[in-house]
Amino acid sequence: MTLADAITAVPVPFEPGRGDDVVAALPALPDRATELCHAIGATSPYLAGLLSKEADWLPEVFATSADDTFAHLLAALPSPEADPGAALRKVKGRVSLFIALADLGGVWPLEAVTGALTRFADHAVQLTAHHSLLRAAERGRLPGGKGIEVGTDLLGLCAIAMGKMGAFELNYSSDIDLIVVFDETKIDPDDFEEARAGFVRATRDMARLLSDITADGYVFRTDLRLRPDASVTPVALSMEAAERYYESVGRTWERAAHIKARAAAGDTEAGARYLERLSPFVWRKHLDFAAIEDAHDMRLKIRDAKGLHGDLAIPGHDLKLGRGGIREIEFFTQTRQLIAGGRDLSLRVPGTVKGLRVLAEAGWIGADAADQLTDDYREHRRIEHRLQMLRDAQTQTLPTSDEEFRRLACLSGYGDPEAMRAELKQRFGRVHTLTEGFFAPGEDRGGKADISDVHAETAARWLRFPALRSDRARARFKRLRPTLFERLDSAPRPEEAIAHFEDFLKGLPAGVQLFALFEANPHLVDLIVDITSISPALSRYLGRNAQVLDAVIGGDFFADWPGEDALTAELTRVMTRIGDYEHRLDAARRWMKEWHFRIGVHFLRGIIDADRAGQEYADLAGAVVRGLLPVVEAEFARKHGVPPGRGAVVVGMGSFGARRLTATSDLDLIVIYDGQGAESSDGRRPLPTRTYYARMTQALITALTAPMAEGRLYEVDMRLRPSGRQGPVATSWDAYRSYQRDEAWTWERLALTRARAVAGDPGFQSDFEAVRDELLAMGSDPGRIAGDVADMRRRLDEGKPRQGPWDIKDGPGGLRDIELVAQLATLTMGARDRDPATQLTHMSEVGWIDETACARLASVHSRAWRAQAAMRLLAEGGFDPEDAGLGGCRFLTETAQADTVDALADALVTESDVAANIVDVALKDARKG
């Protein structure tokens, strides 16, 4: 479709007589094109001049499609060998006229207009940069540059487009913001100083070619001041120097600016790699609510500098920087992206409209708000373009004279300027309302104005903690503390709640981000008070890992449990996005802690019960092992070759195998490998097969247990492997089967009843499960094994006797005692069940005890397990009711179904005695064979 046929809109003529004069000087054009040219000539002095200047070109423009015309304009750009100044300015004039026709005629929407302006800017920068480097090379000012040719990578020099150019959002009369960097790795170190001087001269030459006003006009006003420390640094910096700056002193506004950064011209591949390396500077790994205050401060400074405070008045209002203007929407969008973009890669988009869309899709802003701000942003930009089209002025200030405002209204399609004024005022007010509450929800964002003298003393004591050592943290805390103490006072025992919160606060290494999180999400204060009031252990865990609260804000914290497969897939995606091995391990730790915290909160708040929590903790551990094993294997293979044979399988033992973990459980693992006869690996540093798998297993254990920047994942126990501590850390498949058939000790046969293949080659896992079933089905001598179990019970009790009512695991009638005899029954039956509750039913099936006694034993075990699961969440060490406080004790008694803590203690002792007697009877009967 030709441009003439695509016209859907025409401005209102401001001075029809002037329009008549302009059209009279033009060649014959289609009627709709003539109407458009008349309205433009009658309203915009700048465009009227371009229409007259390019009159002979207009028939071709209107007879061609918009896309084809723009492609022809780009193709008409000169070669970089010759001075491009005059030719480039001529094309710029035509580009300006053509885009104005496409915009005012309704042919192109906003994104097409700004995109075309930006693509032309990219070509102009590429052309002038190339020309400037060619000149520098010809003069011998670039070491190694004499052979530079058209289409080369420009010796590692790259122009990074910032702001609107970076986001393909240039306005009609826009400056272009560039940061020019060069890849120092492409330069001989001995030539560095000379090359840098050459790049600096070339950059200045490029900016001059673009910015200088000549008889032919100018191309783009070019601003190089967004570079690091612009007052003291050269206009072209090495990438290394820029990276060092951002890593050490980079500020929030520079982070926000880099959301839109793009390698636009020159060696764009090197520039893209450079921007990727800056990604950790721009996108923080945790939710960054502190960015809100930084952005708000920046807004206030802009308003102060421009004198933009005060009541909203349309005449002279700054469409970009004023209240409710373009910058408000951009700040709102970018700040939201900065907050969550470190966690959610979908938010890392450069454009404002795209940013609003993805924020809404991710649930960070409401869909209605996103749609409204998008509409308002587009309309603001539309008016901005028409304001600049009037006289080719880089301005966003609405006219103060009635005549000029009427002219603007006509070019914007309004027949009545008062209607435009009213609509603008409504739009500015609406944008201000939607955005201001996000940045400045009120001077007193903390609730009550004052706190009591007692609380003031407490708050003063807290100021000595590391979390409150900075002025920013103290300022935030001061705003927050009325609400905080109000919540703490509402706890069942306020003194306990404050003491536990103090333990949490004392463990925080820093507080700015957390207090910013609380300010932006007040409901989190209630969650923290709940946790600190009930679970000192979880509270201390939070103090060390406050970043796990990010997950609460993510939107699906209280969604249904996804299951082990979905968790594994998610962890794999998280680690796949990261190239470095150690950073992958750290990412796994952050990810695991968030899910671990979620399980604890769900359990604490009664969303799930103890049994469900045990399964979810096991699912999480399984996902971690399954997700990490391929990463460890790949890293090990990089040095020593791919695993010989079909690899290794990781087997979960004990409670892990039984899918019944607590908040503090370690992981019982064994590793079995199948080299399939291979003598060694085939890597650049090959290892014998046995050594290969032994070292790879150690690498896996290290990946799970090593304390890193984000802590550790799990403690790992491998004592259940064949021959215990004396056996190799990884066992061959043939040796494992032979050992289990012919040499395994009783405790190893019992442990097999809870073994479960967790990770590794699926076929290998299936083979393990089949052999496990085969081994269990072989049967055993119940009398001999029962004797061994009785002896084990005696030695365990002597070595670790029960230490009071809260020692639920040890001693006769404890959890371990009950589970030991349940495993014996399972082994005797040749059953495959792993879950202790199911295994217990086999005791009546083999006839050792009757069904009533079996049900009684299962009931004792269930209460003891639930109590242990609760206590492990409440306390990191041994449980003490005094330390737990009222909230913790209530959680424990509700979980274990007792009226009081004392009643629960009595019940646990009494029931363990009952269980011990039942186990004695069962073993006595079992020993008879």
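Once a new chain begins, its residue numbering starts again from 1 and follows that chain's sequence as written. Given that this is a predicted model, residues contribute local features only at a pLDDT of at least 70 and side-chain atom pairs are listed and counted only at 80 or more, while totals for whole chains, interfaces and linings are drawn from all residues. No hydrogens and no water enter the side-chain calculation; it runs on all heavy atoms of the structure.

This part is about the overall build of the protein. Secondary structure summary: the protein contains 41 helices and ten strands in total. Dimensions of the protein along its principal axes, counting C-alpha atoms only, are 120 × 70 × 55 Å. Here's how the labels work: a residue is buried when its accessible area is under 20% of the maximum for its type, exposed when over 50%, partly exposed in between, all with a 1.4 Å probe on protein chains only. Out of the 929 residues belonging to the protein, those deemed buried represent 57%. Any two residues whose heavy atoms approach within 4.5 Å are treated as being in contact. Put simply, of all contacts in the protein between residues at least 6 apart along the chain, 74% involve residues at least 24 apart. For the protein, the separation between the mean place of its 116 positive charges and that of its 140 negative charges on side chains is 3 Å. Working definition: helices are DSSP H or I runs of at least four residues, strands are E runs of at least two. Numbering for both runs from the N terminus. Counted charges follow a simple rule, with Lys and Arg positive, Asp and Glu negative, and His plus the chain ends left uncounted. To locate a charge, take NZ of a lysine, CZ of an arginine, CG of an aspartate or CD of a glutamate.

Another point: the packing of aromatic side chains. Working definition: a ring pair exists when centres of Phe, Tyr or Trp rings (six-membered ring for Trp) sit within 6.5 Å. Plane angles under 30 degrees give stacked, over 60 give edge-to-face, the rest tilted. Tallying each qualifying case throughout the model produces 22 aromatic pairs. With centroids separated by 5.3 Å and ring planes inclined at 70°, the aromatic side chains of tyrosine 692 and tyrosine 693 adopt a geometry described as edge-to-face. The class of tyrosine 693 is buried, set by a relative accessible area of 0%. For the ring pair tryptophan 733 and phenylalanine 764, a centre distance of 5.4 Å and an interplane angle of 75° mean the geometry is edge-to-face.

Moving on, we come to the pairing of strand S5 (residues 262-266). Counting buried positions over the five residues of S5 gives five, a clear majority of the element. Strand pairing follows a simple DSSP-based rule, namely that at least 2 bridges must link the two strands. The sheet contact formed by strand S1 (residues 157-162) and S5 spans four bridges and is antiparallel. Paired with isoleucine 160 across the bridge in S5 is alanine 263.

Let us look at the confidence of the model for the protein. Scored from 0 to 100, pLDDT records how confident the predictor is in each individual residue. In the predicted model, the protein carries a mean pLDDT of 88, and 95% of its residues have values of at least 70. Taken together, the stretch residues 442-449 has pLDDT below 50 and engages in 14 contacts with residues farther than four places along the chain or on a different chain.

For the rest of this paragraph, the subject is the pattern of salt bridges. Salt bridges are identified by distance alone: a Lys or Arg side-chain nitrogen within 4 Å of an Asp or Glu carboxyl oxygen. Under the defined criterion, the tally for this structure stands at 58 salt bridges. Its salt-bridge partner being arginine 208, residue aspartate 205 comes within 2.5 Å of it at the nearest N-O pair. With aspartate 205 and arginine 208 both in helix H10 (residues 192-211) and three residues apart, the pair spans about one turn of that helix. Two residues, glutamate 384 and arginine 381, come together in a salt bridge whose shortest N-O distance is 2.6 Å. Taken as a pair, glutamate 384 and arginine 381 lie in helix H18 (residues 367-391) at a separation of three residues, close to a single helical turn. Neither glutamate 384 nor arginine 381 differs from the other in exposure class; each is buried.

The next subject is the layout of surface pockets. If you add up the space inside the second largest pocket, you get close to 1700 Å³. What lines the second largest pocket is a set of 46 residues, among which Asp668, Arg719, Lys809, Asp810 and Arg816 lie closest to the centre. Counting residues per element, the ones that place at least two in the lining of the second largest pocket are helix H31 (654-657), helix H34 (746-752), helix H36 (782-799), helix H37 (815-829) and helix H39 (851-874). Here the lining of the second largest pocket takes five residues from H37, the largest share from any one element. Computed over the protein atoms alone on a 1 Å grid, cavities are sets of points where a 1.4 Å probe fits but cannot get out and pockets are open sets with protein on both sides within 12 Å along at least five of seven lines; a residue lines them when it has an atom within 4 Å of a point. Grid points are joined across faces, edges and corners, and a volume is the space filled by probe spheres set on the points.

Attention now goes to a positive patch on the surface. Residues qualify for a patch when their relative accessible area is over 30% and they have no salt bridge, like charges being joined within 9 Å and the nonpolar side chains of Val, Leu, Ile, Met, Phe, Trp and Tyr within 5 Å. Each accessible area is a Shrake-Rupley result for a 1.4 Å probe, and residues are judged covered by the shown protein chains and nothing else. A grouping of Arg139, Arg141, Arg201 and Arg204 is seen on the molecular surface, where their side chains present a positively charged patch. Assignment of secondary structure puts arginine 139 in the loop between helix H8 (110-138) and S1.

Now for the nonpolar core. The set of buried Ala, Val, Leu, Ile, Met, Phe, Trp, Tyr and Cys residues whose side-chain atoms join them within 4.5 Å is what this entry labels a nonpolar core. Ranked by internal contacts, the top residues of the largest apolar core, which has 119 residues, are Trp462, Leu549, Trp591 and Phe597. For this core, the element with the most residues is helix H30 (residues 610-640), which contributes 15 residues. Here leucine 549 is in contact with Leu514, Leu517, Phe518, Leu524, Leu527, Ile528, Leu542 and Phe597, once residues within four sequence places are set aside.

Let's shift gears to the packing of helix H28 (residues 564-576) against H30. Only C-alpha atoms enter the line fits that serve as axes; for helices the fit covers just the stretch in contact. Angles between N-to-C directions range over 0 to 180 degrees. Interhelical geometry of H28 versus H30 gives an angle of 40° and a closest axis separation of 8 Å. With respect to H30, the element H28 is oriented oblique. Read as a crossing pair, H28 and H30 show a hand that is right-handed. Two secondary-structure elements touch here, H28 through Glu564, Asp565, Leu567, Thr568, Leu571, Thr572 and Met575 and H30 through Asp619, Leu620, Gly622, Ala623, Val624, Arg626, Gly627, Leu628 and Val631. The residue inventory of the contact of H28 with H30, partitioned by class, reads eight nonpolar, four polar and four charged. Just so you know how the angles are binned, under 35 degrees is roughly parallel, over 145 roughly antiparallel, 65 to 115 roughly perpendicular, and the rest oblique. Here a crossing is called left-handed whenever its near helix is offset anticlockwise from the far helix by less than a right angle, and right-handed whenever the offset is clockwise. All amino acids are sorted into three groups, where Ala, Val, Leu, Ile, Met, Phe, Trp, Tyr, Cys and Pro are nonpolar, Asp, Glu, Lys and Arg are charged, and the leftover types, Gly among them, are polar.

We note that aspartate 229 has phi near 50°; this positive angle belongs to a residue other than glycine. Along the chain, the position of aspartate 229 falls in the loop between strand S3 (222-223) and strand S4 (236-238). For arginine 659, which is not a glycine, the phi torsion comes out positive at approximately 55°. Given a relative accessible area of 35%, arginine 659 falls into the partly exposed group.

Further remarks concern H28. Compared with the 18 Å implied by 1.5 Å per residue over 13 residues, the 18 Å span of H28 between its first and last C-alpha is a close match. Within H28, the full set of buried residues consists of Glu564, Leu567, Thr568, Leu571, Val574 and Met575. In an axial view of H28, the angular spread of the buried residues amounts to 125°, which keeps them on one side of the axis. What points out from H28, more than 90 degrees from its buried face, is the exposed set Asp565, Arg573 and Thr576. Buried positions along H28 lie against helix H29 (581-604), H30 and strand S10 (756-760). One fewer than the residue count of a helix, multiplied by 1.5 Å, yields its expected span. What the arc describes is the spread of directions from the helix axis to the C-beta atoms.

With that settled, the discussion passes to the side chain of threonine 43. Relative to the elements of secondary structure, threonine 43 occurs in helix H3 (residues 31-43). You can call threonine 43 buried: its relative accessible area is 0%. Counting of polar contacts relies on pairs of N or O atoms within 3.5 Å, with two restrictions inside protein: one atom must be capable of donating a hydrogen and the other of accepting it, and residues adjacent in sequence are counted only when both atoms are side-chain atoms. A polar side-chain atom of threonine 43 sits 3.2 Å from the main-chain amide nitrogen of phenylalanine 14. Sequence-distant contacts of threonine 43, defined by excluding residues within four places in its chain, comprise Val12, Pro13, Phe14, Leu390, Arg407, Cys410 and Leu411.

Before going further, it helps to examine helix H11 (residues 239-249). Listed in full, the buried residues belonging to H11 are Met239, Ala242, Glu243, Tyr245 and Tyr246. What you see down the axis of H11 is that its buried residues fit within an arc of 160°, all on one side. Of the exposed residues in H11, those oriented more than 90 degrees away from the buried face are Glu247 and Ser248. Where H11 is buried, its residues meet strand S2 (176-182), S4, helix H12 (252-258), helix H13 (268-277) and helix H14 (279-282).

Another point: the environment of serine 844. On the secondary structure map, serine 844 appears in helix H38 (residues 836-845). Between the alpha carbons of serine 844 and arginine 251 there is a distance of 70 Å; along the sequence they are 593 residues apart. Those residues within four positions of serine 844 in sequence are excluded, and the remaining contacts are Ile849, Asp850, Glu851 and Cys854.

Relative to the elements of secondary structure, threonine 662 occurs in the loop between H31 and strand S7 (667-673). Overall, the relative accessible area of 5% leaves threonine 662 in the buried class. Within the local environment of threonine 662, its side chain forms a polar contact with the side chain of arginine 872, the two groups lying 3.3 Å apart. In this structure, threonine 662 is in contact with Tyr617, Trp865, Gln868, Ala869 and Arg872, ignoring residues within four places of it in sequence.

Let's shift gears to the pairing of S10. For S10, the tally of buried residues reaches four of five residues, placing the bulk of the element in the interior. The pairing of strand S6 (residues 648-653) with S10 spans four bridges and is antiparallel. Residue pairing for S10: glycine 652 is matched across the bridge by arginine 756.

Its place among the elements puts tyrosine 246 in helix H11. Since its relative accessible area comes to 2%, tyrosine 246 is described here as buried.

What follows covers the environment of arginine 479. Residue position: arginine 479 is located in helix H22 (residues 471-489). Residues arginine 479 and phenylalanine 515, spaced 36 residues apart in sequence, show a C-alpha to C-alpha distance of 9.4 Å.

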